[in-house]
Structure formats: structure tokens, C-alpha cells
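Spelled out, the chains give:
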Amino acid sequence: MKTRILAPVVAIVLFVSGAAVAGPTDVAINVTRLGGDTVSAQPFVDRFLRHVESKVGWAAGSAKGAFLVSRKDVLAYVADTKPGIGMIEPGLYFEMRKAWGLQAILQVESSELVSPRLHVVVKDPAIQTLDDLKGKRLWTLLADTPAYLSKVVLDGKVDAGTFFTLKQIGQALRGAKAVIRGDCEATILDDEQLAKSKEVTGGTELRAIYSSPPLPSIPIVSFGGNMKPADRETLVKAFTAMCASSDGASICKEMHVGRFVPLDATVFGAAQKRFGD
Amino acid sequence: MSARSEVFLQKAFRYIVAKRWWVVGIYAVLLGISIPFAIRVDQDNGIDRLIVKEDPDFIATQNFARVFGASEFVVLFAEADDPYAPDVIAAVDALDRRLSAIPKVASNSILSIYHRARPDADPVADPGAFKTFATGTALFGQQGMVGDHFYGLPLILDVRDGDQREEALKAIDAATADLIASPAPLNALRKVGEPYVNSYLNEKTSSGGMRLFPVFGGFVILLCWGLYRSGRALFAIIISMLVNVALCVGYIGIVGGTFTIVSVMVPMTIMVTCLATLVYIHSRYVEQPPDCTVDDHQAFALANKFLPCTASVFASAAGFAALVVSDIRPIREMGVWLAIGLVFTWLVSFTLFPALQKILHTPTQVERKTSAQWFEHVAAWMPPVTYRWRWTTVLLALAMSAAGAVALFGLPGVVAPMKILTDPIDYVNSDSQLYKDTRRVGELMPGLSMSEVWLKGKVGSLNQPEILTGLDAFQQALEKEPMVGSAVGVTTVLRMMRYIGGKGDVLPQDPDEMATVADSLETAIRQEPLLSRFVDTKDMAQTHITLVTRINDFPLWLELDKRVADIWAATLVKHPALKELGTDAPQMVGAVRLQSKVGHNLVPTLTESFALTVAIIFSVFLVVFRNGAARLMAMIPSLFAILVMFGIMRLTGMSLNVATILIASTVLGTSENDQIHFFYHFLEKKNGGTTEEGLRHTTLIAGRSIFFATLINALGFLAFALSDLPPIRQFAILAAVAFALSMIADFTALPGALWMVFKDKPDALKTPADAKA
């Protein structure tokens, strides 16, 4: 059976300080919702960093990384370390783009980490449209990024922060089970998560009442917008070659990344337009 | 039997003998059908073979396996003076890597955990860091993964059948062979676990049969030759026996049966019963009077032995069929298979065997004198001697029987009932390395018996932080219970993961942090595969806590159930969220519990099946013999033999186990043949004659057969005393002893009791008044 991460990545952030790009490296990797916690993910992060160092030409061991599992941790980390590059979940990207001066340079291609479309899923037959969910409990991975949820995922139909009673969860299937149990009225799942949820006892009653437009993937971003074109080119080359290389393929595999590809400008552009700034 | 019936039977047997080639042809066809099925009958001593499928605990254990997997567990035990010495770490690490590379075998050793937790660390280069890691928490020690002088390497075997199990065990053996042969720097490397016990029993029961049946065959040839002094007679007997066994085992193959440590005795029991029946028939056949043709005498002999043989075979068959009341699957199967096998015995004895006698021209005493002519002296000597010693023999037999009953059932306040062994390791030869390893590991580990506390909630129950917190409290309360060696559950693994992550070996107290732990349980399963063995990954609704104990008696399991229920109730008060997992006592499941239950059910099985066997055989006696005294007296030798045998068991330190528990039914089922033949011929003369005439006649006609049949039965079973398996060895010795005791009673206490019941005396001692009376 294919192994999948059912929780989409909220933020996989590779932070590289400006100084590091300019010369001595000071690299941090911040990854959330790939599963596990900061400590247990560190060996994977370290292997990833060592590979990047070797391909970009940084001194061995110069890059530092961290795996962070919540928006709060990410914000704190960014404030503390001033990283240079991140692999970040689209919700966080759109919400912090201006504040952090983010520039998307690549995106992740992964059937395990990326949700190309999301659905609002309910169980109660009386709930037919989003309007029926007014004031109801919605448990989602996107509760920490309500603006992205409202504008990009729900296409501006409702203001999620005020329309629903939101609760942040760490696992998509957790939301599905909460709906089945009656702990909440709705959750948000992608196609695969919805299919998987239907295998859970009582899951056949789950159904989507709303489907989002196409959603952007996880972008690789630079912070501060001050990366030199040559450094940026070096990093893009290193990332795009990584998953096809003999030494990088296993690292991509353990991080559940299929490959790094150029940004899908159409989808990102449309999402940006919906987000509105 | 009426003269009319006898005439009819003689005609029927003449017809069978006349159609002898047809008979042989039919059996040849039946053999052709049976043999392919017979050779398919496999050997399996797994728990699923030892208990009936309808048993609720068995069903629960099967259901549990569907949720959490049906893995089997092996523990490798590496003993060393200093487990943290670099060379010891290197040896165990290398072993662990070899084991991890075996397909269908997962290692979860402390070293594999260390490598997962610290991928760049080298425990050999920095043993101090490894020791700090291993001893920094009690979690590893509680699970027996590491101790002051050992490593425990738990291996999980994801095998689905016996072949896969054997393959995995062979691979483990290959990976460990070097260290077992020369353990340095270890002190010893030991392998234990139920898969090894099952494999041992399968191997020994199979190889034992191959080795011991020829020994039995040798006894048969020796005795038949010694008795009849005819190769042709020997050939007829051997062929008939083999056909009987082939048909019986073929039937077992057709119904999809599998031999276990118990039912492996089925072919042996069929062979001895068939042999005894053939000896009765042939002994009568060889007594051809000079003035009678062989054909006429053969028809007479077959008709004459038809009733007692039929009665004894069908009484035995019905007696064995009574074992169907047992909840123990191999005992139930053994009963049915023996009953069917005995029907084949009856058919073969009265169709194929007479046809072979005729085809082979087996000689009678007219052509060739049989051995044991001294039995005529016994026949003359027995009546007066047994009369003289009647009180002594009868009272002695009663006293010995009473002592045997006390040995079995005990005497309140004085003697405890006989102990029943239910631990499978007790079926293993105590000289074997497996036995020694298991005993040694049992001393050092918190136990080798595992039971599961199965908790079932709603979808997503395990994602609730309050429930995880409650489960952790429940698990720790269980661990404090004196009957429990260690308790391992989902929260144990979570705590271990937190320890590896540098957060200490306890779950977070902060509700938000605990909510994160519960929230991310599914992703944690990806990190630590061991977690998936404790939660149902589909619904996150069910979990279990594995209790490791030293318990192997079912009453103690029941006591533990009560303690677990009490602890659960107490935990519910402190953690009401746990009510989602049920307010009743949690369900307890596990293969070891089932093994113990099998053992616990042995006593009712023994008493119920034995009582039924007695009732059925007594009913047969009612039909066959119209004499009231006979009905009672006929049972004496068998009951005497059985009870005295239990006394011998007690005196020699043998225990009741899954094999020896059947001894009573087996001995009764086979030895009552002797009493039926004894009485049948006794009454032939007693009716209208005197007790002395009856005794003299039956000793001459049946006595020789009883003597030789007993000799063959006893020595036949005794061949299995060479078995490597203690239960089989004990069963064989006890059966042989019981047959001998039964025969002794046939020729002593039984005639003594008959003198007393009939209030008669030898003809020579009778006064004219006695004669007139």
C-alpha cells in the first residue's frame, strides 16, 4: 500500500540567513506537519542540510536547521534567526509574504505533501451549503491561517474567522474523525484525505459540500528579497537536481518530496489575486 | 447368540471369503483414494489447533489479531558480565543488524532504538553515551530490553503459517549460529518464544513418529511370529493393520485434519486396537478341531468372535466418540477420528482379514502348533487359586483403586488433587537447550506470559488528550499490580519517543502540549512503527495494553482479570474521559491465556468424557450380557488399572497434561475388549455350567488372546516411551502399565470377584449339598 502523509504540510521552511548566502552559512530548516516533532525530525533535517551544503558549496556543517510544528513556533523562529530561505506552507506564505518579504522561487511536487484542491466536508445531512455552517465548529489544519482559508480556499465566500468556530488540528484525518464523532460539524480535506476518511468506520457518511479552486503548492521562498541572482540561481539548481540525483533521492524520499519544480505561476497568480494583496 | 444367528453369520462369512478377491480389490481402490489424503495430514501444535473454534476466548483472540495483527514473538537473550563493554555492544549490534535484515522479522532492540534516535551516534565508539541513553529511563529495563547483565532482543515475526514461521526461525538460527557456538564476548545467547516451542513440538512429533513406528512394527512382528509361528499369518495381520491405519489417516486428511501433540497418538491407538481384534479372531481361527475343515472352522471362528469383537470395537468407538464433549479441539478431534478409525477396524477385521486368511492359506493348529500351550496349565490352575485368594485379591484391588482415586482427586485437607501442567514448555524435553533457555530467561525477565487488555472506544478516541492521559495512568497502575511484571501500551511508546526526543520519559502535564501529542498520534505512528501495534490505525478507536506476567494457570488469569477490572474502575473515577473506552471490565485476550484455559478444561474433559465412556461401555455390556453380575464385574479390571495408574503417576511425579489426561479414556476404551471377550466366553460355559467351568473355558479360549493382545498393546505403546516429548513418553509408559494392570486384574481380582458374586466354589471343594444346591 502506498504510504502517504495525510496531513498536508503547513510549512516546510528552509531558512538561510542573508549572511549565509553571502558567505559563511547560517542555515535553518523549519518544517511543520511533516509528522513528528522538532527533536525527532532533526536527523532528517540535518541530512537535508548536509546535502544542500555540498551542492551549494557551503562549508560542511555550516547550515543549521529546525523543524517547527506550529505557526507560533515559526513566527518566533523567524523573528529570532532571520533566515534566508524557507520551504513554507502556502497559507503561511500568503499571510506573511509582505511582512517577511518572501519571494517564491520554486515549489514542491509531492503527491504526499501537497493538496491541489480542498473540500469542506460534513456528515450531517441537514448541512447542504457553506451557509448552513454559520456559527458551527470547523476543525482544520488551516485555522491558524484564516485569511488564506477565507480568501484562497473558500474563494471569499465567507470570512472563516468569524463565520465558523475554528479549531486548529495537526492531522487532517483527525478532523474527519471529529466530524464522525460529532465533535465538530465540518472539516477540510483534500481528495485523498476524503477517500481515506471514507474507510474509517462511519466515514461513508462524509461528503463534501464545497470544493476549492486549484490551490498553490508548497513554495520554496527567499526571505527579505535581498538574495543575489547568482546565489538564487545556485540554490534553484541544487534543489531542482536534488531528487533525481543518486545521493539526494533518498533524502527527498524520507522528506516525502517528489521533486522541486519551477513555480506554477498561473495557480500562484490566481491565488494571489484571490488573497488580494 | 442364537443358533439361527450363528448360522446366518457363518453364511455371510462364507460369502465374504468366497468373494475374497473382490474384497481385496475394493480395499485396493479405497487405499488408492486414502493414501494421497493421508500423506497430506500435517503436524501443527499452534493454539488454534488446541481449542474449539466456538470458544468465546478463542474468538476474541482471533478478533484481536484482526485489529492489531497476529504476530508471533521470539526473544533473543544475550547475557554478558558488562552489557556496556564495547565488544559486547559491537557483538549485539552486529547480531541486531543481521536479524533486522531477515524478511518478515522486525527487531525492536535497545540498539535499534538508539540508532533510530541518534543516527550519527556510534554506541561502540562511545559506549558511555549509549549507557546513559539506555539507563536514563526505566522504560527499557521494564520491557526487558536491557538489564544489569543482559540484552533482550524482542523479534516480531510477521508470519501467516507454519511454513513462513519455519523459514523465519531458520533465518534467525542462521543469524545466531556463530554466537551460540562461541558466545564470547557474550556469556550466552539464548532463544525463546512460543514459535520455537511450536516448532520443537512439530519437529519432535513428526520425527518421533518416523522413528518410533518402526520400533512398534518390530514388536508386532516379533510377537505375531512368536504367537502363530507363521509368516503368512503375520503378513495377513500386518496388511490388515496398515490398511486400517491408511483408511483412518486418509479420512483425517479428507476432513482437513491436522495432527497435534495429542492426536498424533490416533494411528497408534488404531493399530493396537486393530491388532488386538485380529489376534482375538486369529487365535480362535487357529483352534481348528481335527474333525473340521479349515473353511468350516474359519466361518465358525468368525461367527463366534463376531459378537464380542463387534461389541468391544463399537463400545470403544462410542467411548472415544464421547470425547466430543471436550472444549479442547485436539481431544474432540481425537475422539471422532478414533471412533471412525475403529469402524474401519471392524470392517477390515471381518472382511479384508478373512479374505487374506483364505488367500494366504494361513495355518491352523492342525498344520502348525501355536505357542503358549502352557496356557492350558493356567486354565487348570486359575480357578482354584483365584477362589482361594478371592478376598485378598478383591480387597487389595479395591484398596489400590481407592488409593489411586485419592491420588487423582485428592482428599480434602490431606492430599491435594493431582496437578495439571498447562505451560507448553513443560511438553519440551527438560534436557533440551530450548527448555533450559526458557527457564533461564524466565528467571531474568519480568515473565514470559503475555496477556492483552483490550480497550475499545469510538472513532478517534485515541486522539483525545484526556483519554491518552487516562490510559497512561491505567498503564502505570497496572504496572504496580504485583501480579504484573510489566505493562506496555501506546503511552509507553509515546513516553519512549519523548525520552528519545529529550523531553523526559513522561507525558506532558500541560494540556495544550498533551493535545498536540494526541493530535499528532497518526504521524507519530509513521515515525515509530511500534505504535501501530498498539492502536488501530484505521479508526484510532481501539488500543491494548500488553501485560507481561509469570502466570500460567487459568485461575490466576481469572484473578488477574478481576484485578485489572478493579484497576480500570479506579482509573475511571480519576479519569472519566476513559468511559469512552467502556465502563465494564476490559476484555482480556491472549494466546497464553488460551493455553492455560485448555489446561484448565482438562479436568472437566477428563471427568465428562470418562463418565460418558463408562456409561456407554456399561450400556454395551447390558446389551451383550444378560447377567447382572457380569455387568458390574466386567468393569473392575479397567477401573482398577486406571485408578492404580493414577497412583503410579502420583508416586513417580508424573503430571496430568494435555496428553496424559486422555489416559483413562484410552485405557478403558482399549482394555475393555479383554473383559468383553473374557465374559463372553465365560458365560458360554457358565450358563448351564459352573463358575469353574466358565473360568476354565474362558481362560482357554480368551485368556491366551488377552495375554498376547495385552503384551502387544503394552509393548506397542512402550515403543513411544523413547519419544523426546515428555507428554508422549509419559502417555506411552502409563498406557503400557495400565494394560498390564488390567490384564493382571483379568486373571486375579476379576475371577475372585466372580466367585464371590456367584457364591460358588471350585467343583472339587463342593459337598453333595453344594452340588444339589
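Only a predicted model underlies this, so the values are computations on that prediction, with no experimental measurement involved. (Residues numbered from 1 in each chain as written. Chains lettered and ligands numbered in written order. Predicted model: local features only at pLDDT ≥ 70, side-chain atom pairs only at ≥ 80, totals over all residues. Heavy atoms only, no water.)

Q: Sorry, what's going on with unusual backbone geometry here?
A: It is generally the case that most residues other than glycine have a negative phi and that most peptide bonds are trans. All names here are of chain B. Cis geometry marks the peptide bond from Ala184 to Pro185; its omega dihedral reads 10°. Checked against the element boundaries, Pro185 lands in the loop between α8 (162–181) and β6 (188–192). Its identity as a non-glycine residue notwithstanding, Arg229 has a phi of 55°, on the positive side. Here Arg229 lies in the loop between α9 (194–228) and α10 (231–254). On the basis of relative accessible area, Arg229 is assigned to the partly exposed category, the value being 40%. (Helix = DSSP H or I, 4+ residues; strand = E, 2+ residues; numbered from the N terminus. Buried < 20%, exposed > 50% of the residue type's maximum accessible area, 1.4 Å probe, protein only.)

Q: Just checking my understanding: could you explain the domain arrangement of chain B for this structure?
A: Interface size, as often reported, equals the accessible area lost upon joining of the parts. All names here are of chain B. The domain architecture assigned to chain B consists of domain 1 (3–47 + 229–420 + 599–772), domain 2 (71–199) and domain 3 (458–581). Each partner contributes to the interface: domain 2 provides 17 residues, whereas domain 3 provides 12 residues. When residues of domain 2 are sorted by the area they lose upon contact with domain 3, Leu139, Gln142 and Gln143 head the list and together hold 38% of the total. Among the salt bridges present, the one from Arg533 reaches Asp158, with a minimum N-O distance of 3.2 Å. On the surface where domain 2 and domain 3 come into contact, there are seven residue pairs in polar contact (both at pLDDT 80 or more). Among the secondary structure elements, those contributing two or more residues to the side of domain 2 that touches domain 3 are α5 (110–117), α6 (127–135) and α7 (139–142). Here the residues of the side of domain 2 that touches domain 3 are counted per class, giving seven nonpolar, seven polar and three charged. (Domains from an automatic or database assignment. Contact = heavy atoms within 4.5 Å. Buried area = accessible area lost by both parts, 1.4 Å probe. Salt bridge = Lys/Arg side-chain N within 4 Å of Asp/Glu carboxyl O. Polar contact = N/O pair within 3.5 Å; in protein donor to acceptor, adjacent residues only side chain to side chain. Nonpolar A, V, L, I, M, F, W, Y, C, P; charged D, E, K, R; others polar.)

Q: Explanation requested: the nonpolar core in the structure shown.
A: Side chains of nonpolar character tend, in soluble globular proteins, to be buried together. In terms of nonpolar packing, the biggest core is built from 217 residues, with Tyr151, Ile172, Leu547 and Phe646 of chain B touching the most fellow members. Beyond its immediate chain neighbours, meaning those up to four positions away, Leu547 of chain B contacts Ser449, Met450, Ser451, Val453, Leu478, Val484, Ser486, Ala487, Leu560, Val564 and Met588 of chain B. (Core = buried A, V, L, I, M, F, W, Y, C linked by side-chain atoms within 4.5 Å.)

Q: Would you mind going over the pattern of salt bridges with me for this structure?
A: Once their charged atoms are close, side chains differing in charge can pair, the charge on each being opposite to the other. All names here are of chain B. A complete count under the given rule lists 34 salt bridges over all chains for this structure. Ionic pairing is found between Arg97 and Asp93, a salt bridge with its closest N-O pair at 3.4 Å. Here the residue Arg97 and the residue Asp93 both occupy positions in helix α4 (residues 86–100), the gap between them amounting to four residues, near one helical turn. The class for Asp93 is buried, based on a relative accessible area of 6%. Salt bridges sharing partners connect three or more residues here, namely Glu79, Arg190, Asp437, Arg440 and Glu443.

Q: Got a minute to help me understand the sheet that holds strand β9 (residues 207–211) of chain A in this structure?
A: Sheet strands associate in pairs through backbone hydrogen bonding, adopting either a parallel or an antiparallel arrangement. All names here are of chain A. If you walk across this open sheet you meet the five strands as β7-β6-β8-β5-β9, and the pairing is mixed. In this open sheet, the two strands that pair with only one neighbour each are β7 (165–168) and β9. With direction set aside, neighbouring strand axes in the sheet form an average angle of 30°. Strand direction decides the pairing type here: strand β6 (residues 137–140) and β7, joined by four bridges, are parallel. Note that in β7 the partner of Arg137 across the bridge is Thr165. Helix α7 (residues 172–181) contacts β5 (119–122), β6 and β8 (186–189) of the sheet and is inclined by roughly 150° relative to β8. (Pairing = 2+ DSSP bridges. Axes fitted to C-alpha atoms, helices over the stretch in contact; angles between N-to-C directions.)

Q: What's the story with the interface of chain A and chain B in this structure? I'm lost.
A: Contact residues are listed per partner, giving 23 residues for chain A and 23 residues for chain B. Counting the surface chain A buries against chain B, the share from its top three residues, Arg174, Lys177 and Arg181 of chain A, is 35%. The interface formed by chain A and chain B holds three salt bridges in total. At the boundary of chain A and chain B, one finds nine residue pairs in polar contact (both at pLDDT 80 or more). For the side of chain A that touches chain B, the secondary structure elements donating two or more residues are α2 (38–56) and α7 of chain A.

Q: Hey, could you run me through the sheet that holds strand β11 (residues 259–261) of chain A in this one?
A: All names here are of chain A. Here four strands make up an open sheet; going across it, the order is β3-β10-β4-β11 and the pairing antiparallel. Taken across any chain shown, the strands that pair with only one partner, and hence form the sheet edges, are β3 (85–87) and β11. Taking the axes of each pair of neighbouring strands and ignoring which way they run, one obtains an average angle of 25° across the sheet. Across three bridges, β3 lies against strand β10 (residues 219–222) in antiparallel orientation. Considered in β10, the bridge of Gly86 is made with Val221.

Q: Got a minute to help me understand a nonpolar patch on the surface in this structure?
A: Residue and element names in this part refer to chain B. Side chains of Ile26, Val29, Leu30, Ile33, Ile254 and Val255 sit close together on the surface and give an oily, nonpolar patch of about 520 Å² of accessible area. Counting residues per element, the nonpolar patch draws most heavily on helix α2 (residues 20–38), at four residues. Inspection of the secondary structure assignment puts Val29 in helix α2. (Patch = residues over 30% accessible without salt bridge, like charges linked within 9 Å, V, L, I, M, F, W, Y side chains within 5 Å. Areas by Shrake-Rupley, 256 points an atom, 1.4 Å probe, with all protein chains shown as cover.)

Q: Which parts of the structure should I look at to understand the domain arrangement of chain A?
A: All names here are of chain A. By domain assignment, chain A separates into domain 1 (11–113 + 216–275) and domain 2 (119–211). Counting from both sides, the interface comprises 12 residues of domain 1 and, opposite them, 13 residues of domain 2. Between domain 1 and domain 2, a total of about 1000 Å² is buried, with carbon and sulfur atoms accounting for 56% of that surface. The interface formed by domain 1 and domain 2 includes one salt bridge. Of the charged contacts in the structure, one is a salt bridge between Arg274 and Asp155, with a shortest N-O distance of 3.8 Å.

Q: Explain the state of the cysteines to me, please; I cannot follow it from the model alone.
A: Put plainly, a disulfide is one covalent bond tying together the sulfur atoms of two cysteines. Per the stated rule, a full pass over the model turns up one disulfide over all chains. Between the sulfur atoms of Cys243 of chain A and its disulfide partner Cys252 of chain A the distance amounts to 2.0 Å. Disulfide Cys243 of chain A-Cys252 of chain A: the torsion about the S-S bond is -80°, which places it as left-handed. For Cys243 of chain A, a relative accessible area of 13% translates into the label buried. Cys292 of chain B takes part in no disulfide bond, and the closest cysteine sulfur to it belongs to Cys309 of chain B, at a distance of 19 Å. (Disulfide = S-S within 2.5 Å.)

Q: Please clarify how the packing of aromatic side chains should be interpreted in this entry.
A: One pair of aromatic rings is described through two measures. These are the centre distance and the angle between the planes. All names here are of chain B. Under the definition given, this model contains 32 aromatic pairs over all chains. Between Phe140 and Tyr499 the ring centres are 5.9 Å apart and the planes differ by 70°, which places this aromatic pair in the edge-to-face class. You can see Phe140 sitting in helix α7 and its partner Tyr499 sitting in helix α18 (residues 490–500), a full 359 residues away along the chain. Take Phe140 and Tyr499: they sit in the same class, and that class is buried. Ring centres 4.8 Å apart and planes at 70° place the aromatic pair Phe474 and Trp568 in the edge-to-face group. Here Trp568 lies in helix α21 (residues 554–574) and Phe474 lies in helix α17 (residues 465–480), a separation of 94 residues in the sequence. Trp568 shares its class with Phe474; the two are buried. Chaining the aromatic ring pairs together yields one cluster made of Tyr84, Tyr114, Phe130, Phe133, Phe140, Tyr151 and Tyr499. (Phe/Tyr/Trp six-rings, centres within 6.5 Å; stacked < 30°, edge-to-face > 60°.)

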